[in-house]
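# Coordinate analysis (summary)
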There are 2 protein chains.
Amino acid sequence: MPDGELSRAAAVSGFPEWLPHERLVEQRWIDTIRRGFERYGYAPIETAAVESLDALLSKGETSKEVYTLHRLQADEKDSSDAKLGLHFDLTVPFARYAAQHFNDLDFPFKRYQIQKVWRGERPQEGRFREFVQCDIDVINPEQVPLHFDAEVARVAGELIAELGVGPFTMRINNRKVLEGFYAGLGAADPLAVMRAMDKIEKIGPEQLGRLLRDELGLTAEQAQACLDLAQVRGSDASVADVVRKLGVTSDLLDEGLAELAYVLDALSDLPFVVADLSIARGLDYYTGTVYETTLDEFPAFGSICSGGRYQDLAGQFIRRSLPGVGISIGLTRLFSKMLAEGKLPLGAKTPTQVLVVVPSEETAGLAAEVGRALRSRGINTEVYHAPDKIGKQLRYASRKGIGAVWFPPFREGAEHEVKDMASGEQAVADPATWAPVSE
Amino acid sequence: MPDGELSRAAAVSGFPEWLPHERLVEQRWIDTIRRGFERYGYAPIETAAVESLDALLSKGETSKEVYTLHRLQADEKDSSDAKLGLHFDLTVPFARYAAQHFNDLDFPFKRYQIQKVWRGERPQEGRFREFVQCDIDVINPEQVPLHFDAEVARVAGELIAELGVGPFTMRINNRKVLEGFYAGLGAADPLAVMRAMDKIEKIGPEQLGRLLRDELGLTAEQAQACLDLAQVRGSDASVADVVRKLGVTSDLLDEGLAELAYVLDALSDLPFVVADLSIARGLDYYTGTVYETTLDEFPAFGSICSGGRYQDLAGQFIRRSLPGVGISIGLTRLFSKMLAEGKLPLGAKTPTQVLVVVPSEETAGLAAEVGRALRSRGINTEVYHAPDKIGKQLRYASRKGIGAVWFPPFREGAEHEVKDMASGEQAVADPATWAPVSE
């Protein structure tokens, strides 16, 4: 606790905050992600942090740890903010938004949303109660072209690569393949098998095999076929042939394999994409392609980017079929992990690129002029706040990690000079042409 | 209500949301403001939306309409998120942050914060329950150079001009002038007089004069002198002489006039700055320079940007003197007003700058290549999602307001062509050099 700090000066646990030099990097990440989304034509929307509880719980997900809102000084006659809560993801608000503004949107509607969400979970490593999600989705009434199953994966994957978080793997599967395979195998309840198979990482193949036989009534051969399917990996469309060689057939399986092959084919230039027939992602929402992304150096950390195709975005809000496909990057989880592992290029504590020193009262006007000239050229410039000893002003620049210090000519006939703080070199410069060394 | 929409598909009143073409403009505003803050070396911080109630109410401001948080499914054994609330401004969180991280910050600490805040007010025109504030502050232990009183006003004023919201006026005053004047006049309780004078716009000079005489015990001459001071306006440092001619003297008045003259002098190139000796801005917090900004076309709309100098940012959190000066732009209020008045340059519904059409299955690969080439040059590019009739693809571009459509060569020997959607002109283009017309 800093010297003299009172006990209430603490952020609340689970609600992460960064120091300026960390926030500068987080902001660069957000800029990168946003630029990437926009490069592919995703349009920004921002929904309110607050929704009616009715909307938040409309999918029956009462198990989500929703924060409800109450006014400290509630006026009993005013029920205008009764039953409000903070959104716990960006999907429910997007569904509500799409339904509400259906007639004002142009389809296929491609949107991104980079916002905080809140969950009243118990804090633990990598779990936050307030965190930023970065979502893209494409929705279209009735039917969404498969093109977008590949596009959203490409956009997210390229961005994660651009962030520089080390090697990662984006696993892709298709739930029609799973469901179609179990059905073709003769399972009485293919969805129940899928639900069971989703536990493979947690409980291991042996226990899972018993579960399939004892609880779901599969024969030993059927159970083994399910486990064999979950072993299938591949990096291109030929993975479909591997699955076919398992000898199971059904129309749904064929459809799923064709979709999976299409997506893998479209992404064949991305080295981090693999087909992984073991992943299923959640249960009731996704209906086709699914994605899951893990850091190769931290496999136990869990998925940093996932999503998939769904049949019905907003059925609880509108009597329209709104299928879509989307993917989400868990920014705060990923950023805080990289921060904790010391993998971030932390640098300056300020966006300032150059500090103009003010050696004396007489040069103050000239320093201000240099500041204006540099700023007008888009260079982030501080002019020191008062005439003072040069050494003190240099220490200020050094403490904040400012890369360059500008010396206005402080006697008749002298020239402008700039000192590079990293190399210590000092050279003559012109405010009309000088540019900072890029990081 | 859109066709088929169910009743729960509505945003909650007082929590504003925009359509994509509106959000694109809001985002441009936020980018402009952020760039402006960074150009002057203000460092970004972002505090959690959630603070302990203890911290939120530490200044005794229980009248603020604080939203408290509760978990929908509260676990009685877990009190880890008992007594939490959403921040209602960015000053209290900044004070808590500065106290908490005091030893990690470098002073003078210049920070900006662009974040949502929440107030459980009854919704009315120009009042929101969720809105974005854009704050800058400079804090420094013990003493903050007057330089920054001018700087924060310059930064905010230049930005409001850059946003293009029409003519506006930034009024500047200094509370030392007011307090020093009333004290020099012989008022028994100068702060009480200041509090009364703050009502001048509301109740008018006549009623205010009575109040000064009857309730605060001023003589008719003293009361008139107070009203005379409130009439003083000026656009440069000579305003100090006008005040001095009223014949009142005190050390505090001299100090205040010197400060006011310094700030006006430093801002003399900004045409929207005026000295206005009637403004006082709130009551207990500010101790020197104060700012208030109104739109000339909508004077009744109230202040869109205000702030001032304070003696003690974080006394409730840390046993350190942390004076500062800051200013805040009310982004959501200003943006929604301009939107309502039809003053925003609303345009495209997407950030896409060019749509690459896909005339046939055979050209799909070539279209994708063009897309990659354009994106690699930072151009926001959509490739149409499936081979289809050109007319349909043009209508898609037109509906979304995409400025250009790219035709890959669709037979041997043909060239790439781009159609400008505004002019209708079509010309040969090269993916390696083409650039969109800037807006």
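Treat the numbers as computed from the prediction; the structure is a model and nothing was measured.

Let us look at the relation of the copies chain B and chain A. Note on the copies: chain B fits chain A at an RMSD of 0.1 Å, the axial shift is 0.0 Å, and the rotation between them is 180 degrees. The two molecules are tied by a two-fold rotation axis, judged by turn and shift. No C-alpha of chain B lies nearer the rotation axis than that of L69 of chain B, which sits 2.5 Å from it.

What follows deals with unusual backbone geometry. Residue and element names in this part refer to chain A. For the peptide bond that leads from F107 to P108, omega is -5 degrees, which places it in the cis range. Inspection of the secondary structure puts P108 in the loop between α3 (91-100) and β5 (109-118). In this structure, E142 takes a positive phi of about 75 degrees despite not being glycine. Residue position: E142 is located in the loop between β6 (130-139) and α4 (147-163).

Another point: the pattern of salt bridges. All names here are of chain B. Inspection of every chain in the model, using the stated rule, returns 54 salt bridges over all chains. Between E130 and K116 there is a salt bridge, with the nearest N and O atoms lying 2.7 Å from each other. Of this pair, E130 sits in strand β6 (residues 130-139) while K116 sits in strand β5 (residues 109-118), and the two are 14 residues apart along the sequence. Neither residue differs from the other here; E130 and K116 are each classed as buried. Linking D149 and R309 is a salt bridge whose minimum nitrogen-to-oxygen distance equals 2.6 Å. Here R309 lies in strand β11 (residues 305-310) and D149 lies in helix α4 (residues 147-163), a separation of 160 residues in the sequence. The pair D149 / R309 is uniform in exposure class, with both members buried.

Turning our attention to the sheet that holds strand β13 (residues 354-356) of chain B. All names here are of chain B. With respect to topology, 5 strands assemble into an open sheet ordered β14-β13-β15-β16-β17, the strand pairing being mixed. The open sheet has two edge strands with one neighbour each: β14 (381-383) and β17 (426-428). This sheet shows a mean twist of 25 degrees between the axes of neighbouring strands, independent of strand direction. Note that strand β15 (residues 404-407) and strand β16 (residues 417-420) share 4 bridges and pair antiparallel. Bridge pairing in β16 links W406 to V418.

This part covers empty space enclosed by the protein. In the structure shown here, the tally under the stated rule is 7 cavities of 30 Å³ or more. As a volume, the largest cavity reaches approximately 740 Å³. For the lining of the largest cavity, the secondary structure elements donating two or more residues are α1 (20-39) and β5 of chain A together with α1 (20-39) and β5 of chain B. No other element matches the 6 residues that β5 of chain B contributes to the lining of the largest cavity. A per-class count over the lining of the largest cavity returns 16 nonpolar, 7 polar and 10 charged. Taken together, P16, W18, R23, E26, K116, E130, F131, V132 and T332 of chain A together with E46 and T47 of chain B form the lining of the second largest cavity. Of all elements in the fold, only α1 and β6 of chain A reach the threshold of two or more residues within the lining of the second largest cavity. Among the elements that make up the lining of the second largest cavity, the one with the highest residue count is β6 of chain A (3 residues).

Conventions and cut-offs
Residues numbered from 1 in each chain as written. Chains lettered and ligands numbered in written order. Predicted model: local features only at pLDDT ≥ 70, side-chain atom pairs only at ≥ 80, totals over all residues. Heavy atoms only, no water. Least-squares fit on C-alpha atoms with pLDDT ≥ 70 in both. Helix = DSSP H or I, 4+ residues; strand = E, 2+ residues; numbered from the N terminus. Salt bridge = Lys/Arg side-chain N within 4 Å of Asp/Glu carboxyl O. Buried < 20%, exposed > 50% of the residue type's maximum accessible area, 1.4 Å probe, protein only. Pairing = 2+ DSSP bridges. Axes fitted to C-alpha atoms, helices over the stretch in contact; angles between N-to-C directions. 1 Å grid on protein atoms, 1.4 Å probe; cavity = no way out; pocket = protein on both sides within 12 Å on 5 of 7 lines; lining within 4 Å. Points joined across faces, edges and corners; volume = space filled by probe spheres on them. Nonpolar A, V, L, I, M, F, W, Y, C, P; charged D, E, K, R; others polar.

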